[in-house]
Amino acid sequence: MGYVVGAAEAGVPVLLDGLMSVACALTAERIAPGTAAWCVAGHRSPEPAQTLALARLGLDPLLDLGMRLGEGSGAVAAVPLLRSAVALLNDVALLSDLGDLVPTDA
């Protein structure tokens, strides 16, 4: 829980995985309101308590695969999705960047 608060104070996003990390984020949000804005839910586990805690935090999980493996496997599965999103934001040109290559009447 202290890690989540510290990361939020430093402006570092936290990728949550499973019930324990989401419970820590929920407690961190109670101690330091606004902390949840720095959290991303990697996945939804089948544990009902995690779904309730995610709802309280206002977080929608990136993945919902019914995973029960533990050991951070949901967060690890979400990392390629996050990397793809970052690549799209950073590397894909906008139509306005293409200039004369795009017809203006299209």
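The paragraphs below set out a description of the structure included in this document. (Residues numbered from 1 in each chain as written. Predicted model: local features only at pLDDT ≥ 70, side-chain atom pairs only at ≥ 80, totals over all residues. Heavy atoms only, no water.)

1. Comments concerning the overall build of the protein
(1) Moving on: Check the secondary structure of the protein and you find four helices and two strands.
(2) Moving on: For the protein, the succession of helices and strands along the chain, N to C, is α-β-α-β-α-α.
(3) Moving on: With 106 residues in all, the protein has 30% of them scored as buried.
(4) Moving on: For the protein, the share of sequence-separated contacts (at least 6 apart) that also reach a separation of at least 24 residues comes to 50%.
(5) Moving on: Surface exposure of the protein reaches about 6900 Å², of which carbon and sulfur atoms provide 63%. (Helix = DSSP H or I, 4+ residues; strand = E, 2+ residues; numbered from the N terminus. Buried < 20%, exposed > 50% of the residue type's maximum accessible area, 1.4 Å probe, protein only. Contact = heavy atoms within 4.5 Å. Areas by Shrake-Rupley, 256 points an atom, 1.4 Å probe, with all protein chains shown as cover.)

2. Notes on the nonpolar core
Generally speaking, a soluble globular protein has its nonpolar side chains buried in company with each other.
(1) Moving on: Counting residues in each nonpolar core, the largest one holds 17 residues, and the members touching the most others are Leu16, Cys39, Leu57 and Leu59.
(2) Moving on: The set of elements that each furnish at least two residues to this core consists of helix 1 (2-10), strand 1 (14-16), helix 2 (18-31), strand 2 (39-41) and helix 3 (48-57).
(3) Moving on: It is helix 2 that contributes the most residues to this core, four residues altogether.
(4) Moving on: Sequence-distant contacts of Leu59, that is, excluding residues within four places in its chain, are made with Leu16, Ala36, Cys39, Ala41 and Leu54. (Core = buried A, V, L, I, M, F, W, Y, C linked by side-chain atoms within 4.5 Å.)

Fair warning: the whole summary comes from geometry, so function is off the table for now.
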